[in-house]
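So you can see what is in the structure, the chains are spelled out below.
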Amino acid sequence: MKNTALSNIHIALGAKMVPFAGYNMPVQYEGVTAEHETVRNAVGVFDVSHMGEFLIEGEHALDLIQKVSSNDASKLTIGKAQYSCLPNDEGGIVDDLIIYKVKENTYLLVVNASNIKKDWNWIQSKNDVGATMRDLSDAYSLLAIQGPKAIEAMQSLTSKDLSSIKFYNFVVGNFAGIEHVIISATGYTGSGGFEIYCKNSEVKQIWNKVLEAGANFGIKPIGLAARDTLRLEMGYCLYGNDIDDTTSPIEAGLSWITKFTKAFTNSEALKAEKEQGPERKLIGFKLEDRGIPRNGYDIVDGNGQIIGNVTSGTMSPSLGKGIGMGYVPPIFADINSKIFIQIRKKVIPATVVKLPFYKN
């Protein structure tokens, strides 16, 4: 089990620690609902240093990225980031990721913790263009400072104007007394804020100063459980639940990051799937009665026939209702369609809704 550079701090703060993607991670501190509401209404800080970071450099760096990723990375300029995915050869997804253009011919790829080795091997297997690849995952830490008060709470820590950093843009500058930190207006919560990339040796200083600067704004450390409820309210896919090696970006509602203006892994098959229409679609649904949908529960039609399964589900702290996502045939995927969730011996009615569930 690996630790992040902050694991001892989380333990000292009373966090409940759990194994996650091979790391010892804080799942919660004071409770999921309280932490969720802190991020929605004020500002919270997550240690997400388990995520992976690859640097791809050289004259042919973009060629390699274009070949392995579904989005069009040629649109990136220095200081911009892009959400994308790595399609596999069978129509599924190796991983989803964020691509940052750091400078000319230099890109940072941020991948899911559980897929670091798999992604590295996959990209390396496609690197016949001679791009330079470096795995920085074990040397770098990542903090997510999320919530509507993030800009105001963190501005005293940097000379960069945080309010001028647009969504999916980033700057490199001083932060909390450390130089050359990536300050990125990205996140996984839908409540705004920043992600901070720094070296492991620097993260304790940054963590302490973030909590100090945010004290008057109600900042609190937030665990992975609230991260999950926050992302689900936004309808963001979680790798391993809503997308995986067997789900295509088309059926997962990720056509918007699948650009057929270039060739990439399995692009011809995915283009044909988009044109013909997928055999199933990822939907969001709200329960009409009390209950909590969970990953793996059956989705059934009015006759009790299984039509799909829940990929992610929770009791939404913001809405006070059971919400979830899952795959169903297109005939059941229209907004306001009626479906049912099998929760143990009960069949709970649900309605297909437009994502995101939470609109601030």
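(A) Structural context of the overall build of the protein. The number of helices and strands found in the protein is 8 helices and 20 strands. Relative to the globule expectation of 21 Å for 360 residues, the C-alpha radius of gyration of the protein, 21 Å, shows essentially globular dimensions. Referenced to the eigenvectors of the C-alpha coordinate spread, the extents of the protein come out at roughly 60 × 50 × 40 Å. In the structure as shown, the protein presents an accessible area of about 15,500 Å², 50% of it carried by carbon and sulfur atoms.

(B) Spotlight on the packing of helix 2 (residues 32–41) against helix 7 (residues 224–233). Closest axis-to-axis distance for the helix 2/helix 7 pair is 8 Å, and the angle between their directions is 55°. Relative to helix 7, the element helix 2 is oriented oblique. Of the two possible hands of crossing, helix 2 and helix 7 adopt the one that is right-handed. Contacts between helix 2 and helix 7 involve Val32, Glu35, His36, Val39 and Arg40 from the first element and Ala225, Ala226, Thr229, Leu230 and Glu233 from the second.

(C) Up close: unusual backbone geometry. Look at the link from Leu355 to Pro356: it is a cis peptide, with omega at 0°. On the secondary structure map, Pro356 appears in the segment after strand 20 (346–353). Positioned with a positive phi, His180 is a non-glycine residue whose angle comes to about 60°. By the element assignment, His180 lies in strand 12 (residues 178–184). At Asn266, a residue that is not glycine, the phi angle is positive and equals roughly 65°.

(D) Here's a closer look at the sheet that holds strand 13 (residues 193–199). Taken in spatial order, the 6 strands make up an open sheet running 11-12-13-10-4-14, and their pairing is mixed. Looking along the sheet, the strands with just one partner apiece sit at the ends: strand 11 (170–175) and strand 14 (220–221). As defined by bridge partners, strand 12 adjoins strand 13 across 3 bridges and the pair is classed as antiparallel. Pairing of Ile182 across the sheet is with Tyr197, part of strand 13.

(E) Summary view of helix 7. In terms of burial, helix 7 is a largely internal element, 9 of the 10 residues being buried. Turning to helix 7, its buried residues are Leu224, Ala225, Ala226, Arg227, Thr229, Leu230, Arg231, Leu232 and Glu233. Packed against the buried residues of helix 7 are strand 2 (16–20), strand 3 (23–28), helix 2, strand 4 (44–47), strand 17 (306–315) and strand 18 (322–328). Immediately downstream of helix 7, the backbone of Gly235 shows phi near 70°, a positive value.

(F) Representation of the pairing of strand 2 in the model. Sheet analysis places strand 2 next to strand 3, joined by 5 bridges and oriented antiparallel. Each bridged residue has a counterpart across the sheet, and for Lys16 the counterpart in strand 3 is Gln28.

(G) Structural view of the sheet that holds strand 16 (residues 298–300). Judged by pairing direction, the barrel is antiparallel, and its 6 strands sit side by side in the order 15-18-17-16-19-20 before closing back on the first. In this sheet, neighbouring strand axes are inclined to one another by 45° on average, regardless of whether the strands run parallel or antiparallel. With 6 bridges joining them, strand 17 and strand 18 adopt antiparallel strand pairing. Across the sheet, Met315 pairs through a bridge with Gly322, a residue of strand 18. Sitting on the sheet, helix 7 touches strand 17 and strand 18, and the angle it makes with strand 17 is about 125°.

(H) Representation of the environment of Leu109 in the model. Position of Leu109 among the secondary structure elements: in strand 8 (residues 106–111). The class of Leu109 is buried, set by a relative accessible area of 1%. Put simply, Leu109 and Asp135 are 26 residues apart on the chain and 9.6 Å apart in space, counted from C-alpha to C-alpha. Residues contacting Leu109, with those up to four places away along its chain left out, are Gly52, Glu53, Phe54, Ile56, Ile65, Leu97, Ile98, Ile99 and Ile123.

(I) Representation of the state of the cysteines in the model. The full count for this structure, using the stated rule, is 0 disulfides. Cysteine Cys85 is unpaired, with the sulfur of Cys237 as its nearest cysteine sulfur at 9.9 Å. Taking the relative accessible area as the measure of exposure, Cys85 reaches 0% and is therefore buried.

(J) Structural view of the nonpolar core. By size, the foremost hydrophobic cluster in this structure holds 36 residues, and its most contacted members are Phe46, Tyr100, Ile243 and Leu254. Of all the elements in the fold, those that place two or more residues in this core are strand 6 (81–87), strand 7 (93–103), strand 8, strand 10 (140–146), helix 7 and strand 18. Those residues within four positions of Phe46 in sequence are excluded, and the remaining contacts are Val39, Leu142, Leu143, Ala144, Gln146, Thr189, Trp207, Ile222, Gly223, Arg227 and Leu230. With 29 residues, the next largest nonpolar core counts Leu162, Val181, Ile183 and Trp207 among its residues.

(K) The arrangement of the pattern of salt bridges in detail. Under the definition given, this model contains 11 salt bridges. Its salt-bridge partner being Glu30, residue Lys220 comes within 3.0 Å of it at the nearest N-O pair. Here Lys220 is found in strand 14, whereas its partner Glu30 is found in the loop between strand 3 and helix 2, with 190 residues between them in sequence. Note that Asp228 and Arg231 form a salt bridge whose closest N and O atoms lie 2.9 Å from each other. Of the two residues, Asp228 and Arg231 both sit in helix 7, 3 residues apart, roughly one turn of that helix.

Parameters and conventions
Residues numbered from 1 in each chain as written. Predicted model: local features only at pLDDT ≥ 70, side-chain atom pairs only at ≥ 80, totals over all residues. Heavy atoms only, no water. Helix = DSSP H or I, 4+ residues; strand = E, 2+ residues; numbered from the N terminus. Rg over C-alpha atoms; globule rule 2.2 N^0.38 Å. Areas by Shrake-Rupley, 256 points an atom, 1.4 Å probe, with all protein chains shown as cover. Axes fitted to C-alpha atoms, helices over the stretch in contact; angles between N-to-C directions. Parallel < 35°, antiparallel > 145°, perpendicular 65-115°, else oblique. Left-handed = near helix turned anticlockwise from the far one by under 90°. Contact = heavy atoms within 4.5 Å. Pairing = 2+ DSSP bridges. Buried < 20%, exposed > 50% of the residue type's maximum accessible area, 1.4 Å probe, protein only. Disulfide = S-S within 2.5 Å. Core = buried A, V, L, I, M, F, W, Y, C linked by side-chain atoms within 4.5 Å. Salt bridge = Lys/Arg side-chain N within 4 Å of Asp/Glu carboxyl O.

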